[in-house]
Amino acid sequence: MSKEAAEHHKHAAEHLTHAARHHSEAAKHHEAGQHEKAAHHAHLAHGHQEHASEHAVEAAKKHIEAHGNK
């Protein structure tokens, strides 16, 4: 695996970790009836999930470039 692909996987994992934390915070705020704070954390979680998906796509592209049928 290329170094670039590995970096994309690492970045995806980091973003997913952040997303999980924000989802947990959103849940806490929803339970407390603090819906604005919950929405804020849910939105941040979504952004991190989007970044993770982008990095996963880039890692897959690197894999295809290295190992795909040409």
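This text follows the structure it describes.
Residues numbered from 1 in each chain as written. Predicted model: local features only at pLDDT ≥ 70, side-chain atom pairs only at ≥ 80, totals over all residues. Heavy atoms only, no water.

(A) How the structure looks around the environment of Glu50. The topology assignment puts Glu50 in helix 2 (residues 35–67). As for Glu50 and Leu16, which are separated by 34 residues in sequence, their C-alpha atoms are 9.2 Å apart. (Helix = DSSP H or I, 4+ residues; strand = E, 2+ residues; numbered from the N terminus.)

(B) Fine view of the side chain of His15. Structurally, the position occupied by His15 is in helix 1 (residues 3–31). What makes His15 buried here is its relative accessible area of 16%. Dropping the residues within four chain positions of it, His15 is found in contact with His48, His51, Ala52 and His55. (Buried < 20%, exposed > 50% of the residue type's maximum accessible area, 1.4 Å probe, protein only. Contact = heavy atoms within 4.5 Å.)

(C) Helix 2, seen in detail. Spanning 33 residues, helix 2 covers 47 Å between terminal C-alpha atoms, matching the ideal 48 Å at 1.5 Å per step. Of all the positions in helix 2, only Ala38, His41, Ala45, His48, Ala52, His55, Ala59 and Lys62 are classed as buried. Each element contacted by the buried residues of helix 2 is listed here: helix 1. (Expected span 1.5 Å × (residues − 1).)

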